[in-house]
Amino acid sequence: MAIVEDGVRNDSEEDNEIEVYVEEDDADQDSDDSDDDDEEVSERKVLDLESQIADDPYNYNAHVELIQTLWSLSELDKWRFAFDRFQQTMLLRPEHWLLRLQTEETLAHSAQSIEFMADLFNQASYDCYSIPILNLWCSWAMSIGTEDGRAQIEEVLKRAGSDPFSGKLFWEARLELEKTKLQSLGEDHPDLKSQKQHVLWVLEEVVSRPLLRGDEGWQPFEEMALELKDQTYVDKVKKQHEAALEYLHKITPFEDKLLIMEDPAEKAQIYLEYIELVKELSKQDKYLECDSNSILRVLYERATTQCATGEVLHDLLFEYAKHSQQNSSRMTTRRVLEACVRRCPSKHTFWTLKMQQAEHEEADFDEIKSILEIALSKGMESYLQAESLWMSYLEFCRRRTDFDKESDVDRLRRTFRLAWDSLGETWGSEANDCELPLFWAHVEYKRMKDPKQGKEIFEEIFKYGENITLCKYWEPLLQLESERGAGVEGGAGEQRLRELHRRAMRCVRDYPPTIARLWQNFERLYGHLDNVTQCAKLSNDKVKEWRKNYHAMRDKMTGGAQKGKPVQNKKTKFDDKKKIKDKQQLGKGKRKSGDEDGEGSGVKRRKESEMDVEVKVKENDTGGVKRSLDEDKEVKDNKRQRTDSSSSGPLSAGREACTLFVSNLDFKVNEQNLRDKLSEFGDIVSLRVKAGVKAFGGSICYCQYKTAESVEEAIKHDRTPLDGRPMFLSKYSVNKSKSFKYATTAERNKLFVRNLPYDKCTKEDLTKVFDKYGTLKDVRIVTFKDGKPKGLAYIEYEDEASASEALKQTDGLQLGDRKLQVAVSEPPPKPNTAPTPTLGQAKRDAAGGMRRTQLSSFIPSVLQKPSTSKASNGQDNGHEDKKPLTNTDFRNMLLNK
């Protein structure tokens, strides 16, 4: 500051320059301080993100944010370490693999980096099938030299060269590489002819495969083929080319559908149909040169990357692995299995296939053991998956065990113990009912010839849970003990085995008949009369008690206890048949006297007059069931009484106010989970679930609380997810009037957001984007009934100014791989939905009853058409009004009288 003052006082040019210099230095110092502050903030953020990842290693967003932060700090080694850990922990998305590869490519300048980059590209191909990544692989391969580049492009062609949609891009890269080398050779070079053969081979592959725009390669191929080969060769390839074009024509509709389809489930279905078509085409001889097996591999890669999740993903990958094992080389099969375990690591299926493949290739013991260890580190999704994984490994260990070597036997026993204990520690009580010790016990009895050790294993099994009461454990124990010769007549072994059967009969509760059969067979072979009698008595008593309990439980579950109650006022088929028979007898025979004639005709006239009355009543009735006048009056009186009793009094009104209506539940909803969720809002009096109501797109529920306040509290949590589906919560109303709870007019403080990426359709992600412009009142994600997002959302602010500012800043904003479309919430006016009769549409009764046209199927068609013939009495009708038809008229028409 003193220097500046001197400069002003002396008014010299030098001092003015010094003054400027000092000020700039101060500005640089401020900038350095700011940079230091930013660096400190980033370092604290790194520590925070590391802590989050330590708590939850599968937090994908935390990994991504950590990598971005480390890059901003220029910490290359830490950035690579974070990326490697990220990749080892979970499956990376294509965009993050592309970021890693693009960055590493710019840093790769040495010969050693070629192997490193090639390994990275291979790892990326295990995680996903991405055209941008494959394009980057090709461009990098062309920059590293001819020989190394050819090998790398060959790897790309193995993975995507048969892709009907994009494969030609990679063949063009290979062609460009071969042409570049050809141009570098002189006319007298000894490799000139062989290099031309390389170019011709690439052109032949292009025209012989069903590739989009593959026909563009025919002319250059033909020119070079005529130069190097003869016309016979050209004609042969021409035939293959025409078959490829026909093949392409058959599969193009599926490629067109996949281009416009966005819904993952629908896209998965198209891929399944596409795969079935290619399998059918592969069986036809004329398409043998189209390489359908490679096309199938590409389709499986694309399907499992783009659209499949859950069981669909597992099934597709399983088909992919089996297809590869049957039709591909060992190297390709290993690569496919590696991709399967990367994309579906929590199921045992692909780890088992990988161990079996390694065993088939005669890999050493430690290599297969390492596959198991990696699988266990990934974690299985359920106990059954973990048990199946261990069982596969134990089966391998048994096959590699030489039972004459004590060291091999000890290793197998240690592995069984490790597997059983590991499942128990990881899964707790779920591991009580375990198949591994059964396998172990059989190995001890059958292969190791150590029944004492096998018996001890069964005794240990009986200590856990309810195993001692289960027949599945006692039955093999009794059979194994019997097979080892313990039942020699009159010996101590016979008595021990008899006591074992008796103990089993006492303990087993789930299915005693099996134990009873085994014991009775044993006593038939070895027992005396007293033994047989005692066995029969104990077995019969136990089975009788079990059957009694079983039937009681079945009746309780199926409601069979209601069967004994008498049913009143219920018409039987016998009554209906008796009434029909009486009517037929009444109409049969000749009338013998005037009294009989009068009585019979009177009865018939009464019936006809009742029919006339019923027809007239039917014309004004809004229901669909025909009744006599007395029955109709009685039913109406009963209905009126029920309606009055149900609608009168405060009790009904209070019950309605305390009832919550829940819809959009899963078709197989777990009632206990539903009860636990709804009980969070208040005390539940009753819960009634109707499962699988198609009209509601799922199950529905009526939940009655103690207070109406609980219903209000529950409605605040509308769209709360349950088992992956949002629950639709609303007040129950007997009037069933439909109402829309959101405004149908413009709301200036609410924004309507479209074109959201599906992976960003969460309240947390949208809150991060929009809360910086003002205080948010609500963020509502629009979903399908199954809970999957539609890519739409409503963002509601406390005031209009915040919404206006957010609209300016976020409309067109890039979020993920999409640009947002933001507008003020202003739903279009709904059209008039009043019912209007249209051509071909039946009119509905004013009271909302059954359509009269629904009865037309019961009326003869001849009566539904206007008659132009003369009446039965020979007179022309002359007018449209007809006399109501009677029972006699209908009977005469049916009998053609």
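Computed from a predicted model, the values in this text were never measured in an experiment.

## Section: a negative patch on the surface
Thinking step 1. Together, Glu-39, Glu-40, Glu-43, Glu-75 and Asp-77 give the surface a local cluster of negative charge.
Thinking step 2. Broken down by element, the negative patch gets its largest block of residues, three residues, from helix 2 (residues 13–55).
Thinking step 3. Mapped onto the elements of the fold, Glu-43 is located in helix 2.

## Focus: the packing of helix 7 (residues 131–142) against helix 9 (residues 167–184)
Thinking step 1. Viewed as axis vectors pointing N to C, helix 7 and helix 9 meet at an angle of 0°, and their least axial separation amounts to 10 Å. In terms of axis orientation, helix 7 runs roughly parallel to helix 9. On helix 9, the residues touching Ile-131, Leu-134, Asn-135, Cys-138 and Met-142 of helix 7 are Leu-169, Phe-170, Ala-173, Glu-176 and Leu-177.
Thinking step 2. The residue makeup of the contact of helix 7 with helix 9, split by class, is eight nonpolar, one polar and one charged.

## Focus on helix 21 (residues 436–446)
Thinking step 1. Summarising burial for helix 21: nine of the 11 residues are buried, a large majority.
Thinking step 2. Those residues of helix 21 not exposed but buried are Leu-436, Pro-437, Leu-438, Phe-439, Trp-440, Ala-441, Val-443, Glu-444 and Tyr-445.
Thinking step 3. If you follow the buried residues of helix 21, they end up packed against helix 19 (383–399), helix 20 (406–427), helix 22 (451–461) and helix 23 (471–483).

## Some thoughts on the confidence of the model for the protein chain
Thinking step 1. On average, residues of the protein chain score 79 in pLDDT, and 75% of them are at 70 or above.
Thinking step 2. Note that residues 833–859 has pLDDT below 50 and, in this model, 21 contacts with residues that lie over four places away or in other chains.
Thinking step 3. Confidence drops under pLDDT 50 across residues 866–881; counting only partners more than four residues distant or on other chains, this segment forms four contacts.

## A short note on the packing of aromatic side chains
Thinking step 1. In the structure shown here, the tally under the stated rule is 27 aromatic pairs.
Thinking step 2. Consider the rings of Trp-71 and Trp-79, whose centres lie 5.3 Å apart with planes at 55°: the pair is tilted.
Thinking step 3. Judged by centre distance (5.6 Å) and plane angle (90°), the ring pair of Tyr-702 and Tyr-732 falls under edge-to-face. Taken together, the positions of Tyr-702 in strand 3 (residues 698–705) and Tyr-732 in the loop between strand 6 (728–731) and strand 7 (747–754) put the pair 30 residues apart, joining distant regions of the chain.

## What about the pairing of strand 3?
Thinking step 1. With eight of eight residues buried, strand 3 lies mostly within the body of the structure.
Thinking step 2. As defined by bridge partners, strand 1 (residues 659–665) adjoins strand 3 across five bridges and the pair is classed as antiparallel. Its bridge partner being in strand 3, Val-662 is matched across the sheet by Cys-701.
Thinking step 3. Across seven bridges, the pairing between strand 2 (residues 684–693) and strand 3 is antiparallel. Of the residues in strand 3, the one forming a bridge with Val-689 is Cys-701.

## As for a nonpolar patch on the surface
Thinking step 1. Taken together, the side chains of Phe-165, Leu-212, Leu-259 and Ile-260 present a nonpolar region at the surface, about 410 Å² in accessible area.
Thinking step 2. A residue is classified by how much of its surface remains accessible, and Leu-259, at 56% relative accessible area, is exposed.

Cut-offs applied
- Residues numbered from 1 in each chain as written.
- Predicted model: local features only at pLDDT ≥ 70, side-chain atom pairs only at ≥ 80, totals over all residues.
- Heavy atoms only, no water.
- Patch = residues over 30% accessible without salt bridge, like charges linked within 9 Å, V, L, I, M, F, W, Y side chains within 5 Å.
- Areas by Shrake-Rupley, 256 points an atom, 1.4 Å probe, with all protein chains shown as cover.
- Salt bridge = Lys/Arg side-chain N within 4 Å of Asp/Glu carboxyl O.
- Lys, Arg positive; Asp, Glu negative; His and termini not counted.
- Charge placed at Lys NZ, Arg CZ, Asp CG, Glu CD.
- Helix = DSSP H or I, 4+ residues; strand = E, 2+ residues; numbered from the N terminus.
- Axes fitted to C-alpha atoms, helices over the stretch in contact; angles between N-to-C directions.
- Parallel < 35°, antiparallel > 145°, perpendicular 65-115°, else oblique.
- Contact = heavy atoms within 4.5 Å.
- Nonpolar A, V, L, I, M, F, W, Y, C, P; charged D, E, K, R; others polar.
- Buried < 20%, exposed > 50% of the residue type's maximum accessible area, 1.4 Å probe, protein only.
- pLDDT = per-residue confidence, 0-100.
- Phe/Tyr/Trp six-rings, centres within 6.5 Å; stacked < 30°, edge-to-face > 60°.
- Pairing = 2+ DSSP bridges.

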